[in-house]
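Given next are the chains, with one letter for each unit.
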Amino acid sequence: MNAHKIETALTEDGTLVLKGLPFHAGDVVEVIILQPQTAQHQIKSLETQNTNLYPLQNTQPYRYDDPTEPVALEED
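No experiment lies behind these values; they were computed from the predicted model shown.

**Looking at the overall build of the protein**
Moving on, step 1. Across its full length, the protein holds one helix and zero strands.
Moving on, step 2. Looking at the protein as a whole, 0% of its 76 residues are labelled buried.
Moving on, step 3. Accessible surface, the protein as shown: approximately 8500 Å² in total, 52% of it carbon and sulfur.

Below you can see the structure in the form of structure tokens.
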């Protein structure tokens, strides 16, 4: 599948006109329309979902007394 990305603005509600596409008359194409989201928009979207952006904020750090110790007991 050959993909071609073009960014354009709508000039009329509900109408989209694309010009300068690298396709020819009779070619079959699939059209997927995505509205780009800015980073600010994504943050607002997460905030409205009551999602905690920083779940570990103000939590105590983990402490490892012996980080090289095996995590499981050896079987006899």
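So that's the structure; there's more coming.
**What about the layout of surface pockets?**
Moving on, step 1. Approximately 1000 Å³ is the volume attributed to the largest pocket.
Moving on, step 2. Taken together, 25 residues make up the lining of the largest pocket; nearest its centre are His4, Lys5, Ile6, Val31 and Ile32.
Moving on, step 3. A per-class count over the lining of the largest pocket returns 16 nonpolar, five polar and four charged.

**As for the environment of His4**
Moving on, step 1. Structurally, His4 is set in the segment before α1 (39-48).
Moving on, step 2. The exposure class of His4 is partly exposed, given its relative accessible area of 42%.
Moving on, step 3. Spatially, the C-alpha atoms of His4 and Leu21 are 8.1 Å apart, while their sequence positions differ by 17 residues.
Moving on, step 4. Filtering out sequence-adjacent residues up to four positions away, His4 remains in contact with Leu21, Pro22 and Phe23.

**Brief notes about the pattern of salt bridges**
Moving on, step 1. Scanning the entire structure with this criterion turns up one salt bridge.
Moving on, step 2. Across the pair Arg63 and Asp65 runs a salt bridge whose closest N-O atoms are separated by 2.6 Å. Both residues of the pair, Arg63 and Asp65, belong to the exposed class.

**Brief notes about a nonpolar patch on the surface**
Moving on, step 1. Taken together, the side chains of Ile6, Leu10, Leu16, Leu18, Leu21, Phe23, Val29, Val31 and Ile33 make up a nonpolar region of the molecular surface, amounting to roughly 770 Å² of accessible area.
Moving on, step 2. Structurally, the position occupied by Val29 is in the segment before α1.
Moving on, step 3. Look at Val29 and you get partly exposed, because its relative accessible area is 45%.

**Topic: unusual backbone geometry**
The bulk of non-glycine residues show a negative phi, and the bulk of peptide bonds are trans.
Moving on, step 1. Phi at Asn58 is positive, roughly 65°, even though this residue is not glycine.
Moving on, step 2. Assignment of secondary structure puts Asn58 in the segment after α1.
Moving on, step 3. Since its relative accessible area comes to 77%, Asn58 is described here as exposed.

Reading the values: rules and limits
- Residues numbered from 1 in each chain as written.
- Predicted model: local features only at pLDDT ≥ 70, side-chain atom pairs only at ≥ 80, totals over all residues.
- Heavy atoms only, no water.
- Helix = DSSP H or I, 4+ residues; strand = E, 2+ residues; numbered from the N terminus.
- Buried < 20%, exposed > 50% of the residue type's maximum accessible area, 1.4 Å probe, protein only.
- Areas by Shrake-Rupley, 256 points an atom, 1.4 Å probe, with all protein chains shown as cover.
- 1 Å grid on protein atoms, 1.4 Å probe; cavity = no way out; pocket = protein on both sides within 12 Å on 5 of 7 lines; lining within 4 Å.
- Points joined across faces, edges and corners; volume = space filled by probe spheres on them.
- Nonpolar A, V, L, I, M, F, W, Y, C, P; charged D, E, K, R; others polar.
- Contact = heavy atoms within 4.5 Å.
- Salt bridge = Lys/Arg side-chain N within 4 Å of Asp/Glu carboxyl O.
- Patch = residues over 30% accessible without salt bridge, like charges linked within 9 Å, V, L, I, M, F, W, Y side chains within 5 Å.

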